[in-house]
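Report on the structure
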Amino acid sequence: MTTSIERVAPVESGVASARVLWVDEGFAAFVRDRSTRLARTAFLLTADRHLAEDLLQATLAKVADRWTRIASQGDPTAYVRTVMLHTAISWRRRRWRSEVPTATLPERLASDPGGALVDEGLRAALAQVPPRQRAALVLRYYDDLSEAETAEILGCSVGTVKSQTAKGLARLRSLLGTEHDR
Amino acid sequence: MNMEHHVNDLESNEFARDVLGRLAATMPDNPGRVAAVQRIVRRRRRRRVATRATLGLASAAGVGFVVVNGATRQPQTLPAASPTVPPGDSAPTAGVPDTVPVTSPDPCAVAKATTGPGDATSTLLDNQGRMKAAGTITAIDGERISVSVEQASIEISDVTATFAADTTYGDAGQPSSGRPQLGIGDPIAFSAVVQPDGSYVIDHLEAHMPDAVQTPEDATKPSAPPRGSDVTNPTFDGWIKVTGTITAVNGSTISVSVEQASIVATDVTATVSVSTTYRDAGQTSSTRPELAIGDRVAFSAVPQPDGSYLIDQLETHMTDIANPADTDPAGAAAKQKRALAECGSTTG
């Protein structure tokens with residue numbers, strides 16, 4: 001893995017092709033390869049696409065400065081995921097007024113061929129799951145982490161992970177069941 | 001039962017994976033993410049550099065402030081000599097353009113006592129960072145001189161000071177409109193104002209002083225003060241001038257508790273001689289007035305080779321000098337008591 005700062009061409013054309021950017025090549029490769037998956041995790045953690053993109057970029061910017069050290073310790077994905085989770089929690093503390101959960105979902109059309117509204121219902125339901133329960137669900141069932149790994153990232157015990165997961169799952173079921181009952 | 005529970009768990013896991021996977025797939029990809037992250041990184045680095053630079057400047061400013069504060073030493077009174085100091089150990093303050101505060105800790109009192117008409121340096125003893133120094137020039141560089149300080153109102157051994165456009169000069173005891181010829185090794189005395197950056201700007205400089213920075217040999221044969229000069233004015237160089245209260249009279253020798261003097265001393269013992277002239281209550285007296293313990297006297301004296309002082313002119317019962325009773329409550333009370341006593345004797 002390249003640890004020195006090298007001059008590389010912009011990896012994505014059309015957006016910054018005219019710019020000459022200076023990044024660690026290894027970091028750029030990591031972003032190219034893993035950012036899609038990380039973006040989806042961020043979306044599940046925040047239940048907001050725009051906020052998820054901001055969260056991911058802020059997380060990557062944080063780890064960019066320490067990339068050499070992070071990369072030297074092995075796969076940096078777990079580290080980046082941890083940073084992203086902590087960043088999301090801190091953002092939630094700071095932006096507690098920006099997210100307003102609502103129990104009333106928008107009315108659904110009779111036909112939804114693309115399933116967009118179904119997805120929106122899922123997103124709204126997920127948004128109503130408490131953050132730590134949501135994080136436990138995402139780490140356990142989307143990132144396929146073990147209970148121990150999830151506990152390490154969340155900074156809690158395995159038992160807490162189990163209870164948080166169970167409660168979150170029940171909450172999600174309840175929300176989606178309520179939705180389906182309508 | 002266990003099998004049913006396990007099935008429920010699997011169903012729950014599958015349900016969660018299905019919901020989360022389906023929802024995650026709706027997150028669009030961002031082709032400009034790398035560039036965006038790079039912009040953020042660069043912005044963060046610039047901000048960090050700017051913050052460090054700001055902190056550095058603030059730290060430098062803080063250190064500079066401390067240094068300037070440290071360099072801006074206020075004029076301080078010279079330490080008073082011990083009461084038992086022999087007269088010969090009390091060096092005259094020859095050469096300093098004005099009297100360095102000697103025994104009075106009150107700069108206002110000293111300034112008042114040393115203020116004279118036309119004396120440009122007579123009001124220098126204030127608390128505005130002005131210092132006075134006498135010494136020998138060690139270097140001259142255009143508008144700057146370096147001086148090896150022999151005596152100063154602040155604790156300093158070497159000083160570099162700058163001439164200003166409004167610097168006034170004295171040459172050989174006379175006011176000079178221009179800067180005197182200065183050379184390395186010349187004895188000078190000057191007063192200077194401490195600048196915010198710690199440098200010194202000279203506001204008055206005396207050069208080629210007849211009695212400045214005397215050698216020991218010179219000290220034994222000072223030039224005579226003008227007859228009739230005000231011996232209460234301790235600014236004449238080459239002699240010591242003392243104003244104080246007699247604490248002991250032993251034949252021709254008197255000991256005086258110093259109130260004000262041109263030397264650093266709290267007590268001075270001096271001897272009258274046949275050549276001593278006297279003034280009593282402002283009038284010249286051909287005979288030695290009666291001197292008693294507690295009388296206030298002022299005299300000029302010549303240091304002798306053996307360290308004693310020989311009084312050249314002695315004045316007593318003065319009425320035209322600053323009376324400490326004006327500022328000293330105890331003295332005022334004594335004065336009032338004496339006045340009452342005199343009044344009582346007159347009326348009686």
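Everything discussed here concerns the structure shown above.
Parameters and conventions
Residues numbered from 1 in each chain as written. Chains lettered and ligands numbered in written order. Predicted model: local features only at pLDDT ≥ 70, side-chain atom pairs only at ≥ 80, totals over all residues. Heavy atoms only, no water. Helix = DSSP H or I, 4+ residues; strand = E, 2+ residues; numbered from the N terminus. Buried < 20%, exposed > 50% of the residue type's maximum accessible area, 1.4 Å probe, protein only. Areas by Shrake-Rupley, 256 points an atom, 1.4 Å probe, with all protein chains shown as cover. Axes fitted to C-alpha atoms, helices over the stretch in contact; angles between N-to-C directions. Left-handed = near helix turned anticlockwise from the far one by under 90°. Contact = heavy atoms within 4.5 Å. Nonpolar A, V, L, I, M, F, W, Y, C, P; charged D, E, K, R; others polar. Buried area = accessible area lost by both parts, 1.4 Å probe. Salt bridge = Lys/Arg side-chain N within 4 Å of Asp/Glu carboxyl O. Polar contact = N/O pair within 3.5 Å; in protein donor to acceptor, adjacent residues only side chain to side chain. Pairing = 2+ DSSP bridges. Core = buried A, V, L, I, M, F, W, Y, C linked by side-chain atoms within 4.5 Å.

This paragraph deals with the overall build of chain B. Broken down by element type, chain B carries five helices and 13 strands. Scored against the burial criterion, the 348 residues of chain B give a buried share of 41%. Total accessible area on chain B is roughly 18,000 Å²; 55% of this is exposed by carbon and sulfur atoms.

It is worth spelling out the packing of helix 1 (residues 25-46) of chain A against helix 6 (residues 131-142) of chain A at this point. All names here are of chain A. The N-to-C vectors of helix 1 and helix 6 enclose an angle of 145°; their axes lie 9 Å apart at closest approach. The two elements helix 1 and helix 6 cross, and the hand of that crossing is right-handed. Residues Arg37, Arg40, Thr41, Leu44, Leu45 and Thr46 of helix 1 lie in contact with helix 6, whose contacting residues are Arg134, Ala135, Val138 and Tyr142. Here the contact of helix 1 with helix 6 is composed, by residue class, of five nonpolar, two polar and three charged.

Below, the discussion takes up the interface of chain B and chain A. Every contact between the two is made by 33 residues of chain B and, on the other side, 42 residues of chain A. The junction of chain B with chain A conceals about 3,500 Å² of combined surface from both sides, 66% of it contributed by carbon and sulfur atoms. Applying the counting criterion to the chain B and chain A interface returns two salt bridges. Between Asp144 of chain A and Arg17 of chain B there is a salt bridge, with its nearest N and O atoms 3.1 Å apart. Our enumeration of links across chain B and chain A arrives at seven residue pairs in polar contact (both at pLDDT 80 or more). Where the side of chain B that touches chain A is concerned, the elements lending two or more residues are helix 1 (2-24) and helix 2 (33-71) of chain B. Among the elements that make up the side of chain B that touches chain A, the one with the highest residue count is helix 2 of chain B (13 residues). Classifying every residue of the side of chain B that touches chain A by side-chain character gives 16 nonpolar, seven polar and 10 charged.

All names here are of chain B. Only one face of strand 9 (residues 267-271) is buried, namely the one carrying Val268 and Ala270, since none of Asp267, Thr269 and Thr271 on the opposite face is buried. Judged from the five bridges that link them, strand 8 (residues 253-261) and strand 9 form a sheet pairing that is antiparallel. Residue pairing for strand 9: Thr253 is matched across the bridge by Thr271. Linking strand 8 to strand 9, which pair antiparallel, is a turn of five residues. Relative to strand 13 (residues 309-316), strand 9 is paired through two bridges, and the arrangement is parallel. Note on strand 13: the bridge partner recorded for Thr271 is Leu310.

The tendency in soluble globular proteins is for nonpolar side chains to be buried as a group. Membership of the largest hydrophobic core comes to 59 residues, with the highest contact counts inside it found for Phe27, Leu44, Leu60, Val63 and Leu172 of chain A. Those residues within four positions of Leu172 of chain A in sequence are excluded, and the remaining contacts are Ala125, Leu126, Val129 and Leu137 of chain A together with Phe15 and Val19 of chain B. Listed in part, the 22 residues of the second largest apolar core include Val147, Val159, Phe163 and Ile188 of chain B.

Take Thr136 of chain B: it is sitting in strand 1 (residues 130-141). Each C-alpha atom, one on Thr136 of chain B and one on Ile188 of chain B, is 6.0 Å from the other, the two residues being 52 residues apart in sequence.

Below, the discussion takes up unusual backbone geometry. All names here are of chain A. Notably, Ala47 is not glycine yet its phi reads approximately 60°, a positive angle. Within the fold, Ala47 resides in the loop between helix 1 and helix 2 (49-64). By relative accessible area, which is 2% here, Ala47 ends up buried. In the Ramachandran plot, Asp144 falls in the positive-phi region, its phi being about 55° despite a non-glycine side chain. By secondary structure assignment, the location of Asp144 is in the loop between helix 6 and helix 7 (147-154). Accessibility expressed as a relative area gives 48% for Asp144, which makes it partly exposed.

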